[in-house]
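Chain by chain, the residues run as shown.
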Amino acid sequence: MKNIFYIFKETFLEIFLPPICVICESKEGKMLCEACFRKIKFVDEFQKCPRCSLVFYDSVPEKCPNCERLSPKFSKLVSIFVYEEYGEKLIRKIKFENKLKVVEEFSDMIKSKLEEIDFDIVVPIPSYTRKWIKKGYIPSVKIAKVISENLRKPIVPLIRKSKEIPSQLELSSEERLKNPKDAFEVIGSKINYRRILLVDDVATTTATLCECTRILLEKGADEVFCFSLARTPLKTL
Ligand SMILES: [Zn+2]
Ligand SMILES: [Zn+2]
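Description of the structure in this document. (Residues numbered from 1 in each chain as written. Chains lettered and ligands numbered in written order. Predicted model: local features only at pLDDT ≥ 70, side-chain atom pairs only at ≥ 80, totals over all residues. Heavy atoms only, no water.)

### Let's talk about the side chain of Thr232
Note that Thr232 resides in the segment after strand S8 (223-231). Residue classification places Thr232 among the buried residues on the basis of a relative accessible area of 3%. Of note is the side chain of Thr232, whose polar atom sits 3.0 Å from the backbone oxygen of Thr204. Polar side-chain contacts of Thr232 include one of 3.4 Å to the side chain of Arg231. (Helix = DSSP H or I, 4+ residues; strand = E, 2+ residues; numbered from the N terminus. Buried < 20%, exposed > 50% of the residue type's maximum accessible area, 1.4 Å probe, protein only. Polar contact = N/O pair within 3.5 Å; in protein donor to acceptor, adjacent residues only side chain to side chain.)

Here it is, written out as structure tokens:
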């Protein structure tokens, strides 16, 4: 009951009061004010791996360490901003304080980046825990909805969790690589869609995206692309 009241209160405030910045709480009438927006580091501002969007701040290594370690089978990971400083603050507001609506501020960027990719359906990663379901908000589903509305592609929840695993953000680097193994399953025996866009809020090691790509290809998908709102940079992998 307490949770229902909480969601109602948040929704009520969002509808009837002018929005305040989710990061600094300034009353500019936007969920993300200009000053905070400018402090976010966008992935496209940096040199990055063409496959997994890992950004390199200094020198560009000959081979991407993330792709070397995991050999991703997805064709490309598209990300919007770096999970660091203001990008990290924003993701924490989205994930842990129910500020899902702020994702809509990135609609145009998401649209222009994904227009280059040819995909048939949008599949959110079920990276939520029971705690989040009880609270009534799931970030990957909200991002999938923004993509679906802007690019007119259907959302198909093709993947479910087969066991409860901790959030990747709470684990060490080594644990993150092992954590998603066999943690997901495809719903149904065969996939009838050719090109799939997997969607998550943050891509850390990409181990979760790799595992979900693996099971989708195994069940008959032709090609898998990935999208994450935020991407961790090399030094925090
Ligand atoms: Zn602000
Ligand atoms: Zn890479």
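### As for the coordination of the zinc ion (ligand 2)
Protein coordination of the zinc ion (ligand 2) is provided by Cys49 (SG), Cys52 (SG), Cys64 (SG) and Cys67 (SG), with donor distances spanning 2.3 Å. If you look at the zinc ion (ligand 2), its four donor atoms make angles of 102 to 115° with each other, and the shape they trace is tetrahedral. Each donor residue of the zinc ion (ligand 2) lies on the same chain, and together they follow the pattern C-x2-C-x11-C-x2-C. A residue pair is termed long-range when its members are at least 10 positions apart, and Cys49 in the loop between strand S1 (47-48) and strand S2 (55-56) and Cys67 in helix H3 (residues 65-70) qualify at 18 residues. Its relative accessible area of 6% is what places Cys49 among the buried residues. Given the relative accessible area of 15%, Cys67 is considered buried. (Donors = N, O, S within 2.8 Å, 3.2 Å for Na, K, Ca; no water. Tetrahedral: all angles 85-135°; square planar, octahedral: opposite > 155°, others 65-115°.)

### Regarding the nonpolar core
Phe81, Leu90, Phe106, Leu114, Ile147, Phe227 and Leu229 are the most contacted members of the largest nonpolar core, which has 39 residues in total. Contributing elements (two or more residues each) for this core: strand S3 (77-82), helix H4 (86-96), helix H5 (107-114), helix H7 (139-151), strand S7 (195-203) and S8. Among the elements that line this core, the one with the most residues is H7, at five residues. What Phe81 contacts, discounting residues up to four positions off in sequence, is Ile40, Lys41, Phe42, Val43, Gly87, Leu90, Ile91, Phe106, Leu229, Ala230 and Arg231. (Core = buried A, V, L, I, M, F, W, Y, C linked by side-chain atoms within 4.5 Å. Contact = heavy atoms within 4.5 Å.)

### So, the sheet that holds S3
Strand order in the open sheet formed by four strands is S3-S8-S7-S4, and the pairing between neighbours is parallel. Of all the strands in the sheet, the pair left with one neighbour each is S3 and strand S4 (121-124). Taken pair by pair, the neighbouring strands of this sheet meet at an average axis angle of 20°, ignoring direction. Summarising the sheet, S4 and S7 pair through four bridges and their orientation is parallel. Each residue of the ladder has a partner; that of Val122, found in S7, is Leu197. Of the strands in this sheet, S3, S7 and S8 touch H4, which is tilted by about 105° from S3. (Pairing = 2+ DSSP bridges. Axes fitted to C-alpha atoms, helices over the stretch in contact; angles between N-to-C directions.)

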